[in-house]
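One-letter residues, chain by chain:
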Amino acid sequence: MSGKIITLTRHIIEEQRRFPEATGEFTDLMNDIAFAAKLISYHTNKAGLLGVLGETGTINVQGEVVKKLDIFANETMVKALDHGGNLCVMASEEEEDIIPIPEEYPYGKYVCMFDPLDGSSNIDANVSVGTIFSIYRRITPDGTPGTLEDCLQPGYKQVCAGYVVYGSSTMMVFTTGNGVHGFTLDPSYGEFVLSHPNIRIPEKAKIYSVNESNFDYWNENIKKYIRYVKATDKETNRPLNSRYIGSLVSDFHRNLLYGGIFLYPASSKAPEGKLRLLYEANPLAMIVEHAGGKASNGHKDILQIVPEKLHQRVPLFIGSKYDVEMVEDFMQGKRG
Ligand code: AHG
Ligand code: MN
Ligand code: MN
């Protein structure tokens, strides 16, 4: 074999060797997540065919109801992860309460929380969607069912965070605190292979990503910042370019590679912001920080926020460090 192909499994096993005390539970968990991602990837790719296939009756013959893809993605994640013996509890954007591990399976030492399908409102238009996941070590006693307490940990306690983007190719990007690495799914042999080792986000943004239709509902500080990034000034490379897909994973992924800032501020319509701390903001914040960027709610690092509830929302400013620091200055009235 020419060259060195590093599969996701090989990468994780090699990482695990750095920790002699490791039991392999984490490796198993990542393999289960990768398996779920392959299934979701396969189904999102044929989303446009569901109607066609439905008419032939193939789906109904098998007794399966065509489900909305985000429900399908949620069930896929839960079923792929519930029996491995490495989790004590899960939580999902799609479910109101924590997701217990069924009694027949052993309780593991990790907690996994996820947004099974991010950007799902875009799916009918063939726009990229994603899965976001976040892993913590449990804080309740080993061998017992995990609880809400295990889920409500601040983001800096994450041991791993990642996302899968189902785009022109399917790619998994994650960090365990030792660099951010991207693996592209090779559909011919169904393996994630290392394609983007050690991703670093450019320190300065070329792009800003925000839903500007909310402008009238923002406070004056954020309005000033958006006016600032749009103003022309050669010396500071303004205006920034505007790009907004409306799929957080896709907007984030592009900005991570090219340098950019994604903003979802609080507004009078959504006083807490729209995005969820546990399933969206925290995992992407861990990734961006390990890639050299920053994530803030305008006043505080996202990873320092102590969650109070499962579906807590948070204003989010995330991306290139220089620009997130600048938006913080605007938000705190230090610039204007
Ligand atoms: P989800 O599909 O998981 O509910 O998330 C949608 C989110 C996120 O992907 C995106 O950045 C944001 O909603 C877009 O919101 P607006 O339509 O308000 O711009
Ligand atoms: Mn989402
Ligand atoms: Mn979602």
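Residues numbered from 1 in each chain as written. Chains lettered and ligands numbered in written order. Predicted model: local features only at pLDDT ≥ 70, side-chain atom pairs only at ≥ 80, totals over all residues. Heavy atoms only, no water.

**With respect to the coordination of the manganese ion (ligand 3)**
At the metal site, the manganese ion (ligand 3) is ligated by Glu93 (OE), Asp115 (OD) and Leu117 (O), and these contacts range over 2.3 to 2.5 Å. One chain supplies every donor to the manganese ion (ligand 3), and in sequence these donors are spaced E-x21-D-x1-L. For the pair the manganese ion (ligand 3) and the manganese ion (ligand 2), the metal-to-metal distance amounts to 3.7 Å, and Asp115 bridges them. With Glu93 in the loop between β1 (87-92) and β2 (99-100) and Leu117 in strand β3 (residues 110-118), this pair connects stretches of sequence that are 24 residues apart. There is no split in this pair, since Glu93 and Leu117 are both buried. (Donors = N, O, S within 2.8 Å, 3.2 Å for Na, K, Ca; no water. Helix = DSSP H or I, 4+ residues; strand = E, 2+ residues; numbered from the N terminus. Buried < 20%, exposed > 50% of the residue type's maximum accessible area, 1.4 Å probe, protein only.)

**Quick word on the coordination of the manganese ion (ligand 2)**
The protein atoms that coordinate the manganese ion (ligand 2) are Asp115 (OD), Asp118 (OD) and Glu280 (OE), at distances of 1.8 to 2.2 Å. Positions of the donor residues of the manganese ion (ligand 2), expressed as sequence spacing, correspond to D-x2-D-x161-E.

**Some details on the packing of helix α8 (residues 248-258) against helix α9 (residues 277-290)**
Pairs of packed helices are described in terms of their axes, by the angle between the two and the distance that separates them. It is the contact of α8 with α9, at a shortest axis distance of 12 Å, that shows an interaxial angle of 10°. Relative to α9, the element α8 lies roughly parallel. The two elements α8 and α9 cross, and the hand of that crossing is right-handed. Each of Leu248, Phe252 and Leu256 in α8 lies in contact with α9, whose residues at this interface are Glu280, Leu284, Ile287 and Val288. (Axes fitted to C-alpha atoms, helices over the stretch in contact; angles between N-to-C directions. Parallel < 35°, antiparallel > 145°, perpendicular 65-115°, else oblique. Left-handed = near helix turned anticlockwise from the far one by under 90°. Contact = heavy atoms within 4.5 Å.)

**Quick word on unusual backbone geometry**
Backbone torsion omega between Arg238 and Pro239 reads 5°, so that peptide bond is classified as cis. Secondary-structure assignment places Pro239 in the loop between α7 (220-230) and β10 (241-242). At Asn126, a position not held by glycine, the phi torsion is positive, near 65°. Note that Asn126 resides in the loop between β3 and β4 (129-137). Of note in the backbone geometry, Asn237 takes a positive phi value of approximately 55° without being a glycine. Residue placement: Asn237 occurs in the loop between α7 and β10.

**Regarding the site of ligand 1**
Surrounding ligand 1, one finds 17 residues, the nearest of these being Asp118, Gly119, Asn211, Tyr244 and Tyr264. A distance of 2.7 Å is found between an oxygen atom of ligand 1 and a side-chain nitrogen or oxygen belonging to Asp118. Relative to its free-state accessible area of 470 Å², ligand 1 is covered by the protein chains to the extent of 82%. Here the shell around ligand 1 is composed, by residue class, of 6 nonpolar, 5 polar and 6 charged. (Near = heavy atom within 4 Å. Polar contact = N/O pair within 3.5 Å; in protein donor to acceptor, adjacent residues only side chain to side chain. Areas by Shrake-Rupley, 256 points an atom, 1.4 Å probe, with all protein chains shown as cover. Nonpolar A, V, L, I, M, F, W, Y, C, P; charged D, E, K, R; others polar.)

**Structural notes on the sheet that holds β10**
Strand pairing in a sheet is mediated by backbone hydrogen bonds. Such pairs are either parallel or antiparallel. The strand order β10-β9-β11-β13-β12 describes an open sheet built from 5 strands, whose pairing is mixed. Because the sheet does not close on itself, it has two edges, and the strands there are β10 and β12 (294-296). Two elements, strand β9 (residues 207-209) and β10, share 2 bridges in a ladder whose sense is parallel. Residue Tyr208 lies in a different strand from β10, and its bridge partner there is Ser242. Contacting β9, β11 (260-264) and β13 (316-319), α7 crosses the sheet at an angle of about 150° to β11. (Pairing = 2+ DSSP bridges.)

**Here we look at the packing of aromatic side chains**
If you walk through the whole model with that rule in mind, you get 7 aromatic pairs. Between Tyr228 and Phe330, the aromatic rings sit 5.4 Å apart at their centres with planes inclined by 50°, giving tilted as the arrangement. Of the two residues, Tyr228 is situated in helix α7 and Phe330 in helix α10 (residues 321-331); the sequence distance between them amounts to 102 residues. Here the basic side chain of Lys204 rests over the ring of Tyr322, its NZ or CZ set 4.5 Å away from the ring centre. A cation sits over an aromatic face here: Arg238 above Tyr228, 3.7 Å from the ring centre. (Phe/Tyr/Trp six-rings, centres within 6.5 Å; stacked < 30°, edge-to-face > 60°. Lys NZ or Arg CZ within 6 Å of the ring centre and 35° of its normal.)

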